[in-house]
Amino acid sequence: MAPGAGSVFAAVPQAAPVAVFQLTADFRADSDPRKVNLGVGAYRTDEGQPWVLPVVRKVEQMIAKDTSLNHEYLPILGLPEFRTNSSRIALGEDSPAIKENRVGGVQSLGGTGALRIGAEFLRRWYNGTNNTATPVYISSPSWENHNSVFTDAGFKDIRTYRYWDAAKRGLDIQGFLEDLEKAPEFSIFILHACAHNPTGTDPMQEQWKQIAAVMKRRFLFPFFDSAYQGFASGSLDRDAWAVRFFVSEGFELFCAQSFSKNFGLYNERVGNLTIVAKDADNVQRTLSQMEKIVRTTWSNPPSQGARIVATTLTSPELFAEWKENVKTMADRVLLMRSELRSRLEALGTPGTWNHITEQIGMFSFTGLNIKQVQFLIKEKHIYLMASGRINMCGLTTKNLDYVASSIHEAVTKIE
């Protein structure tokens, strides 16, 4: 456009701010000393501060002192030892899929990058060539980025499957299974490996077996999102149970892994897409196409975060230390769940609150409605998502009583 003819961006509409970041901005602008941020999507200590894992500090110093390292480009698919070990902790030390050489990995820019690369591949090559009509099913509710990632990748038929039962404040397993039965064959299902976001409600192992049985019979493709392995229960193996079970049942699948939460590497954007295929040939052909997608997306990935993770996972001593660090975070979350529930029950807050301790992971779907949420934000300066989702790490020993009494007031005053 010629100078003086107006902006080439004149037709661009103003997009709405991303809710969680707007919430944090509002919290920071609030001068009330009682304010509490329960909307932040990251771990916080009991002092309300970010925590750099001690093992990460140690490995960062090791990397800084290693004069053999340089800043040359990594391979397009990423740091080999990072990819291998990321897939290993997802699938387990004794995974038959790994032993049979039918597992591959793609280093990505966080879990979102893994989802996007996987979505792009599926749109191009799954269920036909460039098949944008394949239905993609996302849980209701789910992390808001799931819908956006698959829409932006070109899929035209994004659907939801039933997951949360608001009345029971728990999993709607019957609705989930019914929606699996009704889905067209070869549909793609986005499954949360553990610590479902935003509800914190996971299927039990027997329910996962029911889900897998229907998916196998209906030829449905599982795409796991594993953002909280180890962080949810404190056990890497327990949190990966569903993924490993599906592999044991013979599924080909994708698993997007994020190391933001369980390593505290939020700004390093460390992720991996684990691919489990029928055989070694299928893995190699898939990785060859993944390489083409990565080349035009971010060309090749950054090294620092991947080196931290790979160094930790390949050293028995550092690996053991990391698991203890992760358990420290998980235990704090579990304690806050227990303490909040006990306070609400002691206050006699109307309704049942057992779901707070039955849910798992960083987030809890409280069951608070939009009016109650607005009351908490405006009157009590307690910031949480409109859905009623709270981050348990926003709770501390100093604000628990205030948050509990405020929730009690919201529930008793606002219908």
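Residues numbered from 1 in each chain as written. Predicted model: local features only at pLDDT ≥ 70, side-chain atom pairs only at ≥ 80, totals over all residues. Heavy atoms only, no water.

Asker: Could you give an account of the packing of helix α3 (residues 80-91) against helix α13 (residues 304-314), with specific residues and numbers?
Answerer: Where α3 meets α13, the axes come as close as 9 Å, and the angle between the chain directions of the two elements is 60°. Classified by the angle their axes make, α3 and α13 are oblique. The crossing of α3 and α13 is left-handed. In this structure, α3 contributes E81, F82, N85, S86, R88 and I89 to the contact, and α13 contributes A306, V309, A310, L313 and T314. Counted by class, the contact of α3 with α13 contains six nonpolar, three polar and two charged residues. (Axes fitted to C-alpha atoms, helices over the stretch in contact; angles between N-to-C directions. Helix = DSSP H or I, 4+ residues; strand = E, 2+ residues; numbered from the N terminus. Parallel < 35°, antiparallel > 145°, perpendicular 65-115°, else oblique. Left-handed = near helix turned anticlockwise from the far one by under 90°. Contact = heavy atoms within 4.5 Å. Nonpolar A, V, L, I, M, F, W, Y, C, P; charged D, E, K, R; others polar.)

Asker: Help me get a handle on unusual backbone geometry, residues and values and all.
Answerer: Each neighbour pair has its own omega, and for S140 with P141 the value is 0°, a cis peptide bond. P198 follows N197 through a cis peptide bond whose omega is 20°. Checked against the element boundaries, P198 lands in the loop between β7 (188-192) and α8 (205-217). You will see that R169, though not glycine, has its phi angle at about 55°, which is positive. Mapped onto the fold, R169 is located in the loop between β5 (164-165) and β6 (170-171). Judged by relative accessible area, R169 falls into the buried class, the value being 19%. (Buried < 20%, exposed > 50% of the residue type's maximum accessible area, 1.4 Å probe, protein only.)

Asker: Give me the UniProt feature "domain: Aminotransferase class I/classII large" (unreviewed entry) in the protein chain: which residues, what numbers.
Answerer: The UniProt entry lists residues 34-407 under the feature "domain: Aminotransferase class I/classII large" (unreviewed entry), expressed in the numbering used here. The span residues 34-407 is 47% helix and 15% strand, and its two end C-alpha atoms sit 14 Å from each other. (UniProt positions renumbered as here; feature names shortened; annotations may be inferred.)

Asker: Please set out helix α5 (residues 110-125) residue by residue, giving values where relevant.
Answerer: Taking 1.5 Å of rise per residue, the 16 residues of α5 would be expected to cover 22 Å, and the 23 Å separating its terminal C-alpha atoms lies within 8% of that figure. With 12 of 16 residues buried, α5 is to be regarded as a mostly interior element. Inspection of α5 places G110, G111, G113, A114, L115, I117, G118, A119, E120, F121, L122 and R123 among the buried residues, and these make up the whole buried set. Phi turns positive, to about 55°, at N127, one or two residues after α5. (Expected span 1.5 Å × (residues − 1).)

Asker: Go over the packing of helix α16 (residues 370-380) against helix α17 (residues 400-413) with me, naming the residues and quoting the values.
Answerer: In contact at an axis separation of 9 Å, α16 and α17 are set at 130° when each is read in the N-to-C sense. By the angle between their directions, the pair α16 and α17 is classed as oblique. Here α16 and α17 pass one another in a crossing that is right-handed. Contacts from Q372, F375, L376 and K380 in α16 reach Y402, S406, I407, E409, A410 and V411 in α17. Counted by class, the contact of α16 with α17 contains six nonpolar, two polar and two charged residues.

Asker: Would you mind going over the environment of V106 in detail, with residue names and values included?
Answerer: By the secondary structure assignment, V106 is in strand β2 (residues 103-109). Sequence separation between V106 and G305 is 199 residues, and the spatial gap between their C-alpha atoms is 14 Å. Not counting the four nearest positions on each side in its chain, V106 is found in contact with L77, R83, G271, N272, L273, I275, L287, M290 and V294.

Asker: Now, about the state of the cysteines: what can you tell me, with residues and values included?
Answerer: Chemically, a disulfide is nothing more than a covalent bond linking the sulfur atoms of two cysteines. Taken as a whole and judged by the stated rule, the model has zero disulfides. Take C194: it sits in no disulfide, and the sulfur closest to it among the cysteines is that of C255, at 9.3 Å. Accessibility expressed as a relative area gives 4% for C194, which makes it buried. Not engaged in a disulfide, the cysteine C393 finds its nearest cysteine sulfur in C194; these two sulfurs lie 14 Å apart. In this structure C393 comes out as buried when scored by relative accessible area, which is 1%. (Disulfide = S-S within 2.5 Å.)

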